[in-house]
Amino acid sequence: MAELPIAELPPARCSGRFTISTLLGTEEGGRGQYVPTESSSCDSAQPTQLSGSTLCTRTFGYNTMDVVPAYEHYANSKGVGDTRKGRPSLADLHSILKPDPGHLCTPVSDPQRSNGLTEAGPEEASVEPGTDPVPEPVRFGWVKGVMIRCMLNIWGVILYLRLPWITAQAGIALTWLIILMSVTVTTITGLSISAISTNGKVKSGGTYFLISRSLGPELGGSIGLIFAFANAVAVAMHTVGFAETVRDLLQEHNSLIVDPTNDIRIIGVVTVTVLLGISLAGMEWEAKAQILFFLVILVSFINYLVGTVIPATAEKQSKGFFSYRADIFAQNFVPNWRGPEGSFFSLFSIFFPSATGILAGANISGDLKDPAVAIPKGTLMAIFWTTLSYLVLSATIGACVVRDASGSLNDSVVLGSLGCEGLACTFGWNFTGCTQRQSCRYGLSNYYQSMSMVSGFGPLITAGIFGATLSSALACLVSAPKVFQCLCRDQLYPLIGFFGKGYGRNSEPIRGYMLTYVIAVGFILIAELNAIAPIISNFFLCSYALINFSCFHASITNSPGWRPSFQYYSKWAALFGAAISVVIMFLLTWWAALIAFGIVIFLLGYVLYKKPDVNWGSSMQASSYNMALNYSVGLSEVDEHIKNYRPQCLVLTGPPSFRPALVDFVGTFTKNLSLMLCGNVLIAPQKQKMPDSRLIADGHTKWLMKRKIKAFYTDVVAENLRSGVQMLIQAAGLGKMRPNILVLGYKRNWRTASPQSLEDYVGILHDAFDFKYGVCLMRMKEGLNVSRVLQAHMDPTTLAYEQQASTIFQSKQGKKTIDIYWLFDDGGLTLLIPYLMGRKKRWGKCKIRVFVGGQINRMDEERKVIVSLLSKFRLGFHDVHILPDINQKPRPEHIKRFDDLIAPFRLNDGFKDEAIVNEMRQGCPWKISDEEVDKNRVKSLRQVRLNEILLDYSRDAALIAITPPVGRKGCPSSLYMAWLETLSQDLRPPVILIRGNQENVLTFYCQ
């Protein structure tokens, strides 16, 4: 155990009358400085965490060290108990006040102070005096930063080229159902994003930041990596979509550059290079480009709507366009399935990717003025307007264009002509021939460019396609580096930290831009996007599923830290959104879903294996607490049974790093099995300043984790060792998870230690038996304490980084023996602990031998009885030895050694009066009277003889477990220690003295 150093608190005194600006001022970034001067006084003590310049400020006129609530006191807080800059510590307010007239301080007003409620975050660098101020970074509002960006990313080529065809196949009714089903998923995800993004300050990193800070680094890291990669490949996909449209235009005018395939590559590389230049120019230029694309798409959409009301020309009628007609709307309202893709779910899988893209605004969360406002508002508005545009488009084009048309002006007929079939006949056109031959080139079912044909000016639709593809490519080109930069800075994966560096006032990830550019160009040149496109779609759906699950999980854990300001969400809707996202993954492409899940699980396993040193207050931590609490409370309702007995150990290690062998021994048989609690008694006077126990506990816990010991650490402050151990024995544990065995090291220096420490040590053993604990003493020839001069509590933060001491319990023991001397029936604990040791890999090859006392004339019978009993216990112990000579008289030299051992502790009261003897005993209770020597002579000689037997049989054993004698109350502590010393002396292997509490821990019954 450790004694605490006594430290005096330096006195301090503050003085001064406060102005209003002083009382409400702030010290840094709006907080006032505190400068020594002389004036009237205020009560204060020298703080432990605050400088003298921060006392007596930021109050409301009351002369106190306390401060009023302020933003900076809570900014960037992580762990519970973190000391916040500017707020006095509990020690400042609670410690004894020692005024010192020589230490005076007074506040100085600063006209530039704010009210302490500044929004300066930790990301904003402080400006050094004499240097130019850092320019403000570009920040966007909810319209420019989120809504427009999300709308551009949602709108794509499917709006222009596939939605009319889907309307022809599924009909207007089912097309609306497909749209609404898709939007339901994205809306639920949008609500989940809104809830998560308003539960605290959101920094850069977008989707990765939201998921990782909610679910933890394991799932967040895996989804962040694949999401960044998916965005990088999506740049190539959208760029190729643009390049194919340009290539088709060139092909129509016979102006190909090289050939169709290489033209796509050339145009794609040039396009993505231009987009990279826009991105590198800064977020301001990128935002201007996005607004330009947005205006182009709006103009193209308006152009289409105008075209639907313009009377159809003969050329357009030949291609199936007849303006708004109720008959056409009625015919197109119902489905007309055609071809291999003519099914509801096939069309749903084709359309669904066009509803995605709602994360584009969240992905640039670090560039938003107020992410908590912009992300919910902008994302949900983008979903609303894009959904409305999809519904209007499908309804309008379904009311204007028939499904089949030949495109030939010669197919016009007189109304009422014979042999004409189909709705077009009523409008003066006969498309019967191509319909029956299924050779119609135009109409909703056959012509992908129906929007261009219907519109008032066709090239504007082409411009809209250009705007949709380029805006999506640009959004992905910006999103991927932003997400990847945050992931790199968190250092969850190796070799990627290089890409975390930011440049300029917006901390632009230029290295990430270049990496994204290389990936995009690579996939453009490969030109095999059809194979990888389903995987990319599934990566985005993985993100949706995890965002929804994050919202559900954070809600279901009931953590007090889950307080989103956005209230319009439902945890059950979020769970439904997560489940349906997974279902859609398999509906789209089952093999791609399996690949996506495989990659996520692999990356998840890597982070779980590496266990990064991060603490983000995730919902997984809250869930772990809830589960532990529920199981612990539930365990209290379960009655104990011998079959479920587990050795739950309170180990008196002091600082665990001081006694690694003791820690390793108990950790060997409790790992993944039962409770291990390392107890430390800090010895200090009552009025002494207490140390930071949380800091001490964290240091020792990290040391245990590094040593891979699954144990808890706890400490108490007491005036002496025994009272501290009594506290631990009575208070340690929780419910049924309470220790039932006290494990401590053997006191090697008992002969030279102070009498009181000897009394305390033996008293601890008595206390353990009084509280129905079993007792386990461990003795090693080289001792247990490996502490150095430096006390562990002096610098607990460095414990985990110290070199770990190696012990015998960390090495394989080979084919040695574990010898159990089950001399007295203590309930079976002496058998159980070696059995649990033998189940471990390092001790698995050791042969376990059991030694039992007996009589020489009944050796065979007694051996059979013990073998039969052990077989009923199913311990697998077959090597049983009977010790018939246990009661023989030991050798004279060993008897003399014992007598010499107790000689310094004898009263030698044989010829003194009884009253004098009693007085001597009261003054020196550890002393041994002649009467006690004689009364316990047989017991003493038995320990001497047992030591001889141990030396004969177990000199080369790997471990010795033996049942020690129980010292009755009133037995002198020196005599009891002499017994333990004699029993275990001169033995090379570790000796474990195990004594149960006389209650069964083994049973051979099934119930």
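Because the structure is a prediction, the values reported are computed rather than measured. (Residues numbered from 1 in each chain as written. Predicted model: local features only at pLDDT ≥ 70, side-chain atom pairs only at ≥ 80, totals over all residues. Heavy atoms only, no water.)

## A word on unusual backbone geometry
- Look at Ser-323: it is not a glycine, yet its phi comes out positive at around 60°.
- Its place among the elements puts Ser-323 in the loop between α10 (314-318) and α11 (326-333).
- Looking at Ser-323, the relative accessible area reads 14%, which means it is buried.
- Despite not being glycine, Lys-611 has its phi angle at roughly 50°, a positive value.
- Mapped onto the fold, Lys-611 is located in the loop between α20 (590-610) and α21 (619-636).
- Looking at Lys-611, the relative accessible area reads 68%, which means it is exposed. (Helix = DSSP H or I, 4+ residues; strand = E, 2+ residues; numbered from the N terminus. Buried < 20%, exposed > 50% of the residue type's maximum accessible area, 1.4 Å probe, protein only.)

## Digging into the pairing of strand β7 (residues 676-683)
- Burial of β7 is extensive: eight of the eight residues sit out of reach of the surface.
- Side chains Met-676, Cys-678, Asn-680 and Leu-682 of β7 all project onto a buried face; the interleaved residues Leu-677, Gly-679, Val-681 and Ile-683 project onto the opposite face, where all are buried too.
- Note: strand β6 (residues 649-652) against β7, four bridges, orientation parallel. By the bridge assignment for β7, Val-651 is matched with Cys-678.
- In this fold, the crossover linking β6 to β7 by way of helix α22 (residues 660-670) has right-handed handedness. (Pairing = 2+ DSSP bridges. Right-handed = clockwise from strand over helix to strand, strands pointing away.)

## Things to note about α20
- The end-to-end C-alpha separation of α20 is 30 Å, in line with the 30 Å expected for 21 residues at 1.5 Å each.
- For α20, the complete set of buried residues consists of Ala-592, Ala-593, Ala-596, Val-600, Leu-603 and Val-607. Seen along its axis, α20 keeps its buried residues to an arc of 105°; they face one direction. Looking at α20, the residues exposed on the side facing more than 90 degrees away from the buried face are Trp-590, Ile-601, Phe-602 and Tyr-609.
- A positive phi of about 50° marks Lys-611, the residue just after α20. (Expected span 1.5 Å × (residues − 1). Arc of directions from axis to C-beta.)

## Let's talk about the confidence of the model for the protein
- In this model, the protein carries an average pLDDT of 81, and 84% of its residues clear a pLDDT of 70 or more.
- When the criterion is pLDDT under 50, residues 5-57 qualifies, and its contacts beyond four places in sequence or with other chains add up to 172 contacts.
- The model gives residues 789-794 a pLDDT under 50, and that stretch makes 14 contacts with residues more than four places away or in other chains. (pLDDT = per-residue confidence, 0-100. Contact = heavy atoms within 4.5 Å.)

## Considering the state of the cysteines
- Across all of its chains, the model carries one disulfide by this definition.
- Residue Cys-434 pairs covalently with Cys-440 via a disulfide, S to S 2.0 Å. Between Cys-434 and Cys-440 the sulfur-sulfur dihedral comes to about 80°; the bridge is accordingly right-handed. Across the pair, exposure class does not vary: Cys-434 and Cys-440 are buried alike.
- Cys-486 takes part in no disulfide bond, and the closest cysteine sulfur, belonging to Cys-488, lies 9.3 Å away. (Disulfide = S-S within 2.5 Å.)

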